[in-house]
Amino acid sequence: VVSEAYDPDCSSMLIFGILNLLKRYAITPFEEKTAFYAILYHLISGDFIDKKLIAGIIDLGINSTQQYGDAGGIATVTSRLLMPHDCGMALTDEPNDRRFAIAIECGLFEMCLSLLVRFGGRNCGNGTANEGNMPNSINNIMTAANNVRFRDRSARSLARFHERILRALDEHRD
């Protein structure tokens, strides 16, 4: 249970509900789920984002993404989660070290590799009106990861999980 002082709008419960719906309806056409991704995109900028929410988003990307549209949606949501934006969608600050460290622990790089291997050859242009540009979003995540790699929390997470990341790279190598 999330306290109202921590999350006054109970947004985290709504995020968990949306994540569960997206997992349950993984094979539903992407067009029928765009509103859920739009809501996620706007909710994840709050300060109440914790390890369970980050883990839920990454788990959705790894285990429940079966269509390119969903891959683009989850990559775009993950990119927003890790890099603060203003309402005009411009970057407002450096990538969030705490969120990156947690995401690395939860399998951020494994999710990105999995999405690229499964969907990377599709729609490598600018996306469509309904689908995010998955390769560009993952590129943004990797660029931001490069920017936080020497920060305290992210550096520790990279050191602790580098073997797992290397195994994932090796698994997806042709």
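Since we're looking at a predicted model, the values are computed, not measured. (Residues numbered from 1 in each chain as written. Predicted model: local features only at pLDDT ≥ 70, side-chain atom pairs only at ≥ 80, totals over all residues. Heavy atoms only, no water.)

**Focus: the packing of helix 1 (residues 11-24) against helix 3 (residues 51-63)**
At their nearest, the axes of helix 1 and helix 3 sit 10 Å apart, and the two run at 15 degrees to each other. One way to sum up the angle between helix 1 and helix 3 is to call them roughly parallel. Between helix 1 and helix 3 lies a crossing whose hand is left-handed. Along the contact surface, helix 1 presents Ser12, Ile15, Phe16, Leu19, Leu22 and Lys23, while helix 3 presents Lys52, Leu53, Gly56, Ile57, Asp59 and Leu60. Counted by class, the contact of helix 1 with helix 3 contains seven nonpolar, two polar and three charged residues. (Axes fitted to C-alpha atoms, helices over the stretch in contact; angles between N-to-C directions. Helix = DSSP H or I, 4+ residues; strand = E, 2+ residues; numbered from the N terminus. Parallel < 35°, antiparallel > 145°, perpendicular 65-115°, else oblique. Left-handed = near helix turned anticlockwise from the far one by under 90°. Contact = heavy atoms within 4.5 Å. Nonpolar A, V, L, I, M, F, W, Y, C, P; charged D, E, K, R; others polar.)

**Some remarks on the pattern of salt bridges**
Under the definition given, this model contains six salt bridges. Salt-bridge contacts for Glu105 lead to Arg160; the nearest nitrogen and oxygen are separated by 3.3 Å. Of this pair, Glu105 sits in helix 5 (residues 97-106) while Arg160 sits in helix 8 (residues 152-171), and the two are 55 residues apart along the sequence. Accessibility expressed as a relative area gives 54% for Arg160, which makes it exposed. Ionic pairing is found between Arg156 and Asp152, a salt bridge with its closest N-O pair at 2.8 Å. (Salt bridge = Lys/Arg side-chain N within 4 Å of Asp/Glu carboxyl O. Buried < 20%, exposed > 50% of the residue type's maximum accessible area, 1.4 Å probe, protein only.)

**Quick word on the environment of His172**
Tracing the backbone through its elements, the reader meets His172 in the segment after helix 8. Between the alpha carbons of His172 and Val117 there is a distance of 7.0 Å; along the sequence they are 55 residues apart. When residues no more than four places from it in sequence are discounted, the contact partners of His172 are Leu113, Ser114 and Val117.

**Description of the environment of Asp152**
Among the secondary structure elements, Asp152 is positioned in helix 8. Among the polar contacts listed, one links the side chain of Asp152 to the side chain of Arg156, at a separation of 2.8 Å. (Polar contact = N/O pair within 3.5 Å; in protein donor to acceptor, adjacent residues only side chain to side chain.)

**Comments concerning the nonpolar core**
One finds Ile15 and Leu108 to be the most contacted residues of the largest nonpolar core, which totals 43 residues. Among the secondary structure elements, those contributing two or more residues to this core are helix 1, helix 2 (34-43), helix 3, helix 4 (68-82), helix 5, helix 6 (108-119), helix 7 (134-148) and helix 8. The greatest single-element share of this core, amounting to seven residues, is contributed by helix 4. (Core = buried A, V, L, I, M, F, W, Y, C linked by side-chain atoms within 4.5 Å.)

**Considerations on the confidence of the model for the protein**
Counting all residues, the mean pLDDT for the protein is 81, and 80% of those residues have values of 70 or more. Counting interchain partners and residues more than four positions distant, the pLDDT-below-50 stretch residues 86-90 has seven contacts. (pLDDT = per-residue confidence, 0-100.)

**Regarding the packing of helix 4 against helix 6**
One way to put it is that helix 4 packs onto helix 6 with a least axis distance of 11 Å and a crossing angle of 150 degrees. Considered as vectors, helix 4 and helix 6 are oriented roughly antiparallel to each other. With respect to the hand of their crossing, helix 4 and helix 6 are arranged in left-handed fashion. Contact residues: Tyr68, Ala71, Ile74, Thr78 and Leu82 in helix 4; Leu108, Met111, Leu115 and Phe119 in helix 6. Residue classes in the contact of helix 4 with helix 6 are distributed as eight nonpolar, one polar and no charged.

**Some remarks on helix 8**
For helix 8, which comprises 20 residues, the first-to-last C-alpha distance of 28 Å matches the rise-based estimate of 28 Å (1.5 Å per residue) to within 8%. Largest kink in helix 8: about 60 degrees, centred on Phe161. Within helix 8 the residues assigned to the buried category are Ser154, Ser157, Phe161, Ile165 and Ala168. Against the buried residues of helix 8 lie helix 5, helix 6 and helix 7. (Expected span 1.5 Å × (residues − 1). Bend = angle between axes of the 7 residues up to and from the residue.)

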